[in-house]
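# Commentary on secondary and tertiary structure
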There are 2 protein chains.
Amino acid sequence: MDQKANPVLVEFTRGNWVENRHRAAFCIADSSGKIVANAGDIEHPIYPRSAIKSLQALALFESGAVEKFGLDDRDLALACASHKGESVHVEGVTRFLDKIGMTVDDLECGAHVPSDKVARNNMRKNGEEPSALHNNCSGKHTGMLAVAKALGEDPKGYIEQGHPVQKLVRTCVEKTVGASMSADRCGRDGCSIPTWASPLRGFATGFAKLSDPHSDLPELYKKAGQQLFDACAQNAMLVAGTDRIDTDAMTAFKGKLMMKVGADGVFCGALRDSHLGFALKVDDGSVPAAEAIVAGLVEKLAEVSEEQKTLLAKWSHKPTKNWRGFEVGTAHLSGEFASFF
Amino acid sequence: MDQKANPVLVEFTRGNWVENRHRAAFCIADSSGKIVANAGDIEHPIYPRSAIKSLQALALFESGAVEKFGLDDRDLALACASHKGESVHVEGVTRFLDKIGMTVDDLECGAHVPSDKVARNNMRKNGEEPSALHNNCSGKHTGMLAVAKALGEDPKGYIEQGHPVQKLVRTCVEKTVGASMSADRCGRDGCSIPTWASPLRGFATGFAKLSDPHSDLPELYKKAGQQLFDACAQNAMLVAGTDRIDTDAMTAFKGKLMMKVGADGVFCGALRDSHLGFALKVDDGSVPAAEAIVAGLVEKLAEVSEEQKTLLAKWSHKPTKNWRGFEVGTAHLSGEFASFF
């Protein structure tokens, strides 16, 4: 299956010449599904990966886990997080596991070293080995354990496509994006749960709905959406971590912006006031390119202060340095990017 | 300056769906400049980065450094290397520096930790800091110091575009690829020397010439080309290191193949018997995608044994694993790739 060439939205220069080009598609929609702006093929199914953790977290409400375990905004933020394994994340997930009466041994996400440099170096210095708590998805997995318990199901194997937890998660995502997830387009994510490919149009619309209290979602979803939006937007450090665009931008927009990176060049998010949702995917999977695009999207969509503009520009036009620290080029939005608005 | 969309030559799947696509161009030429096969835009100038270290190393012959310092094939292989900072590389570069009467303090490439995991972990365990010797380009830089000395020039600042060393290096590359390097398309490389963008067609032809004793290059270049080809092809471990396609493939082809990776998705190389040269660049800079393509190119160009075929297939069709070690997809040549031969 060939895909039409999406436009070049990001260029990496070296000296006075473009070295690398990144093609991508994005969609901006309102909660009725109306497209406000778009670039490239928004009907081609893409894997959203971790960018839709907040849609997957709707299962915490649908299953009754939020009420049963008295989950608060910090727990919800961690359930929606791709964190850097910093102490605030590890402590938070440990507390969340305690709350639901489970332990690190119940997590089926696998272990990896923290992506945060300081946390990683500290572990090495202390001769510690990473556990599943340090996995960037440990909060989401804890949430899925909570769903299993609330459903009265055996949590074992909760990562498998056929487990009641994943079935419920799938239903929640389908209801929000308004599309059915097809078994022809399913893969296993880095943390081992299923990820379902679906068009950007649906993801953008789904995030718009999450931000809009007057969407056509069922009441439970609407209420859950509002709470998840706020939990993320107001606990940005828990959702991402130090020196991440998600953290920086959500913090700068003071509760008005919710956004989330997904592996292999994906971002999804929404704005509180305009109730616009957005979704993007870089064809080649580059995360730095996706960061530049999302910074550009937010700047175009939101009413931004000078301070917010400066912050976003740090990500949409980023100097690259070499081993000696010389500035050798920039990673920046292409000239074509602006033409889609 | 927009570039026409190159074809998708590599796809990364997850489950049963393509997640990432990599567009690229490649050129295969003989030493007369005749194109044998190509894909995408081979006239668009690209930065060759480290893929042309063997062309830059011609300056060791032109300056008389090879004779003056009695450089052997191991020194030449290191001058053409992007090594992994393993002990064999660090020791080799130390010996090379000794030979020319200079030290690590003369190297202007900057320091970085070895890209080899074992070497890196050993350094950490011993509490050692990386030096310029561990920089993957330390051999090339030692070669450039040798050129400065042979020219009777002050080596200080040998990394700068205006230094006699870089002027000679530029001339050597220009003569071999048959194109002038333009200051409009010049950048600073990771190791701080200039890199000049030029079309793939020229690089492919230049590498064909390097492999062909009957090319139209000046006698000195022809002899140097033969020696550099052999030095690399027969010392693959010095040119690259453990678990690298360059090492594996050159070793498997027993002196008949010379190839070299360049940062941001470039490969150049040549085959001894057919005297064909090749050059490729992935538009988005992906190295894994470039590895798949070069494996495919070599398989198409060379007469391969079953054993060599199996080895190349390891790189042209590579399983990807997640944190738990589950095989989640593959990185492989696209269906379109074969259509260019």
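Located above this text is the structure these notes cover.
Quick caveat, the model's predicted, so the values are computed rather than measured.

Quick notes on the rules
- Residues numbered from 1 in each chain as written.
- Chains lettered and ligands numbered in written order.
- Predicted model: local features only at pLDDT ≥ 70, side-chain atom pairs only at ≥ 80, totals over all residues.
- Heavy atoms only, no water.
- Helix = DSSP H or I, 4+ residues; strand = E, 2+ residues; numbered from the N terminus.
- Rg over C-alpha atoms; globule rule 2.2 N^0.38 Å.
- Buried < 20%, exposed > 50% of the residue type's maximum accessible area, 1.4 Å probe, protein only.
- Pairing = 2+ DSSP bridges.
- Phe/Tyr/Trp six-rings, centres within 6.5 Å; stacked < 30°, edge-to-face > 60°.
- Contact = heavy atoms within 4.5 Å.
- Buried area = accessible area lost by both parts, 1.4 Å probe.
- Salt bridge = Lys/Arg side-chain N within 4 Å of Asp/Glu carboxyl O.
- Polar contact = N/O pair within 3.5 Å; in protein donor to acceptor, adjacent residues only side chain to side chain.
- Nonpolar A, V, L, I, M, F, W, Y, C, P; charged D, E, K, R; others polar.
- Least-squares fit on C-alpha atoms with pLDDT ≥ 70 in both.
- 1 Å grid on protein atoms, 1.4 Å probe; cavity = no way out; pocket = protein on both sides within 12 Å on 5 of 7 lines; lining within 4 Å.
- Points joined across faces, edges and corners; volume = space filled by probe spheres on them.

## Overview of the overall build of chain A
Helix and strand content of chain A: 14 helices and 12 strands. For a compact globule of 341 residues, the expected C-alpha radius of gyration is about 20 Å, and chain A comes in at 19 Å, within 12% of that figure. By principal-axis analysis of the C-alpha atoms, chain A measures approximately 60 × 50 × 40 Å. In chain A, which comprises 341 residues, the proportion classed as buried is 64%.

## Focus on the pairing of strand S2 (residues 17–29) of chain B
A regular strand places its side chains on the two faces of the sheet in alternate fashion. All names here are of chain B. Here S2 lies mainly inside the structure; 13 of its 13 residues are buried. Summarising the sheet, strand S1 (residues 8–14) and S2 pair through 6 bridges and their orientation is antiparallel. Bridging from a neighbouring strand, Thr13 pairs with Val18 of S2. Here S1 folds back onto S2, and the loop between the two strands holds 2 residues, one of which, Gly15, carries a positive phi near 55 degrees. Note that S2 and strand S3 (residues 35–39) share 4 bridges and pair antiparallel. Among the inter-strand pairings, Ile28 is bridged to a residue of S3, identified as Ala37. Counting the residues that bridge the hairpin from S2 to S3 gives 5 residues, and of these Gly33 lies at a positive phi of roughly 95 degrees.

## Let's talk about the packing of aromatic side chains
Residue and element names in this part refer to chain A. Counted according to the given criterion, the structure contains 8 aromatic pairs over all chains. Taken together, a centroid distance of 6.3 Å and an interplanar angle of 85 degrees make the contact between Phe26 and Phe340 edge-to-face. Of this pair, Phe26 sits in strand S2 (residues 17–29) while Phe340 is found in the segment after strand S12 (327–333), placing the two residues 314 residues apart along the sequence. Judged by relative accessible area, which is 0%, Phe26 ranks as buried.

## What to know about the interface of chain A and chain B
Contacts between the two partners involve 49 residues from chain A, matched on the other side by 49 residues from chain B. When the buried area of chain A at its contact with chain B is split by residue, A:Trp17, A:Arg21 and A:Trp323 rank highest and sum to 19% of it. Linking chain A with chain B are 2 salt bridges. A salt bridge links A:Arg49 to B:Glu19; the nearest nitrogen and oxygen atoms lie 3.0 Å apart. Joining chain A to chain B, the criterion identifies 32 residue pairs in polar contact (both at pLDDT 80 or more). Elements with a contribution of two residues or more to the side of chain A that touches chain B: S2, strand S5 (186–188) and strand S10 (277–282) of chain A. Looking at the side of chain A that touches chain B residue by residue, the class counts come to 16 nonpolar, 16 polar and 17 charged.

## A few points about the relation of the copies chain A and chain B
Copies of the same chain, two in number, are related to each other by a rotation about an axis and a translation along it. Mapping chain A onto chain B leaves a residual RMSD of 0.0 Å; the transformation is a rotation of 180 degrees accompanied by 0.0 Å of translation along its axis. Accordingly, the operation relating the two chain copies is best matched by a two-fold axis. Counting the interface residues of chain A, we find that 100% of their copies in chain B are interface residues as well, pointing to one common contact surface.

## Topic: the pattern of salt bridges
Side chains that carry opposite charge are capable of pairing whenever their charged atoms lie near each other. Residue and element names in this part refer to chain B. In this structure the tally under the stated criterion is 30 salt bridges over all chains. Salt-bridge contacts for Arg170 lead to Glu174; the nearest nitrogen and oxygen are separated by 3.5 Å. Of this pair, Arg170 and Glu174 are both found in helix H8 (residues 164–177), 4 residues apart, which corresponds to roughly one turn of the helix. Between Glu219 and Lys222 there is a salt bridge, with its nearest N and O atoms 3.4 Å apart. Of the two residues, Glu219 and Lys222 both sit in helix H10 (residues 219–233), 3 residues apart, roughly one turn of that helix. Looking at Lys222, the relative accessible area reads 14%, which means it is buried.

## Looking at the layout of surface pockets
If you add up the space inside the largest pocket, you get close to 1,000 Å³. A:Arg49, A:Ala263, A:Asp264, A:Val287 and B:Trp323 are the residues nearest the centre of the largest pocket, which is lined by 45 residues in total. Elements with a contribution of two residues or more to the lining of the largest pocket: helix H12 (245–252), strand S8 (257–262) and helix H13 (287–301) of chain A together with S1, S2, helix H13 (287–301), strand S11 (317–321) and strand S12 (327–333) of chain B. Class assignment for the residues of the lining of the largest pocket results in 14 nonpolar, 16 polar and 15 charged. Approximately 780 Å³ is the volume attributed to the second largest pocket. Lining the second largest pocket we find 36 residues, and of these A:Trp323, B:Arg49, B:Gly190, B:Ala263 and B:Asp264 sit closest to its centre. Taken together, the elements giving at least two residues each to the lining of the second largest pocket come down to strand S1 (8–14), S2, strand S11 (317–321) and S12 of chain A together with strand S8 (257–262) and H13 of chain B. Its residues placed into classes, the lining of the second largest pocket shows 11 nonpolar, 15 polar and 10 charged.

## A closer look at the environment of B:Arg23
Residue and element names in this part refer to chain B. Along the chain, the position of Arg23 falls in strand S2. Judged by relative accessible area, Arg23 falls into the buried class, the value being 11%. The spacing of Arg23 and Asp154 is 131 residues in sequence and 43 Å in space, taken between C-alpha atoms. Engagement of the side chain of Arg23 in a polar contact is seen with the backbone oxygen of Asn6, the distance being 2.8 Å.

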